[in-house]
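Analysis of the macromolecular model
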Amino acid sequence: MSVMEINHPLIQHKLSYLRDKNTDTKTFRETLNEIAGLMTYEATKDLKLQEIEVETPLMKTKSYVLPEKAVAVVPILRAGLGMVDGILTFIPTAKVGHIGVYRDEETLEPVYYYCKLPSDISERKVMLVDPMLATGGSAIYAIDYLKEKGVKDIVFLCLIAAPEGIAKVIDKHPDVDIYAAKIDQGLNEKSYIYPGLGDCGDRIFGTK
């Protein structure tokens, strides 16, 4: 597996708006989707294409398109929803599944509450998305679930990752590539990423 920190200037510029506690909900949500879209370019560089023939104004020629069952996007609810539209801007034919997992604030263990996946999920490359990779518990649970459904090609996209969470995912699922906009310093005593950007779900949906 590989861990890719995408240090593109546009991503780092936009990430500054997400970190700022004074950024309003609308700007936060829009910027998050923009970053997710930019990250998609890097995370899909190994997608396989199929050859077709098209006719230009001058002649027939070979061209290349994504297969019908190329990609599925699976956000970890609820914060992962904030990345979906940005990815679909670039891959509008992707199907979307949902996995609901939250972290118990006392035990810090993942708690499952919902899942709905495309019926052909096992035939697709799955982009599992969650803005924050903190302890790694939710990501590992979601990857376990996808593999139980027969998925063999999974990449994990997040905005901010803690080294502790990365290490746990690597240990449990060494075949899953991780793409992060930024790897932060670590986790505090409450297992929140620092410097981080706060509770991403609350900031996306304006619930705090």
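See above for the structure.
Residues numbered from 1 in each chain as written. Predicted model: local features only at pLDDT ≥ 70, side-chain atom pairs only at ≥ 80, totals over all residues. Heavy atoms only, no water.

**So, the overall build of the protein**
The secondary structure content of the protein amounts to six helices and 13 strands. For 208 residues, the compact-globule estimate of 2.2 N^0.38 gives 17 Å, and the C-alpha radius of gyration of the protein, at 18 Å, lies within 12% of that figure. Taking all 208 residues of the protein together, 47% fall into the buried category. For the protein, the exposed surface amounts to about 11000 Å²; the carbon and sulfur share of it is 52%. A distance of 2 Å separates the average location of the 25 positive side-chain charges in the protein from that of its 30 negative side-chain charges. (Helix = DSSP H or I, 4+ residues; strand = E, 2+ residues; numbered from the N terminus. Rg over C-alpha atoms; globule rule 2.2 N^0.38 Å. Buried < 20%, exposed > 50% of the residue type's maximum accessible area, 1.4 Å probe, protein only. Areas by Shrake-Rupley, 256 points an atom, 1.4 Å probe, with all protein chains shown as cover. Lys, Arg positive; Asp, Glu negative; His and termini not counted. Charge placed at Lys NZ, Arg CZ, Asp CG, Glu CD.)

**A closer look at the environment of valine 54**
With respect to the helices, strands and loops of the structure, valine 54 is situated in strand S2 (residues 50-55). Assessed through its relative accessible area of 31%, valine 54 is described here as partly exposed. Beyond its immediate chain neighbours, meaning those up to four positions away, valine 54 contacts Met59, Lys60, Thr61 and Ser63. (Contact = heavy atoms within 4.5 Å.)

**Considerations on the packing of helix H1 (residues 9-19) against helix H2 (residues 25-43)**
The geometry of H1 relative to H2 is characterised by a closest axis approach of 9 Å and an angle of 155° between their N-to-C directions. Here H1 lies roughly antiparallel to H2, going by the angle between them. Classified by chirality, the crossing of H2 by H1 is left-handed. Along the contact surface, H1 presents Leu10, Ile11, Lys14, Leu15, Tyr17 and Leu18, while H2 presents Phe28, Thr31, Leu32, Glu34, Ile35, Leu38 and Met39. (Axes fitted to C-alpha atoms, helices over the stretch in contact; angles between N-to-C directions. Parallel < 35°, antiparallel > 145°, perpendicular 65-115°, else oblique. Left-handed = near helix turned anticlockwise from the far one by under 90°.)

**Some details on the nonpolar core**
When a protein is soluble and globular, its nonpolar side chains tend to lie buried together. Membership of the largest hydrophobic core comes to 36 residues, with the highest contact counts inside it found for Met39 and Leu157. Every element with two or more residues in this core is listed here: H1, H2, strand S4 (71-77), helix H3 (81-90), strand S8 (125-129), strand S10 (154-161), strand S11 (177-183) and helix H6 (200-205). Ranked by residue count, the leading element in this core is H2, at six residues. What methionine 39 contacts, discounting residues up to four positions off in sequence, is Ile6, Ile11, Leu157, Cys158, Leu159, Tyr179, Ala180 and Ala181. Within the second largest apolar cluster, 27 residues are counted, among which are Val126, Leu133, Ile143 and Ile166. (Core = buried A, V, L, I, M, F, W, Y, C linked by side-chain atoms within 4.5 Å.)

**Observations regarding the packing of helix H4 (residues 137-148) against helix H5 (residues 163-172)**
Packing of H4 against H5 leaves a shortest axis separation of 9 Å and a crossing angle of 25°. Our classification of the angle between H4 and H5 gives roughly parallel. Considering how the two elements wind past one another, H4 and H5 form a crossing that is right-handed. Each of Ala139, Ile140, Ile143 and Asp144 in H4 lies in contact with H5, whose residues at this interface are Lys168, Val169 and Lys172. For the contact of H4 with H5, a count of residues per class yields four nonpolar, no polar and three charged. (Nonpolar A, V, L, I, M, F, W, Y, C, P; charged D, E, K, R; others polar.)

By themselves, these observations are geometric and do not establish any function.
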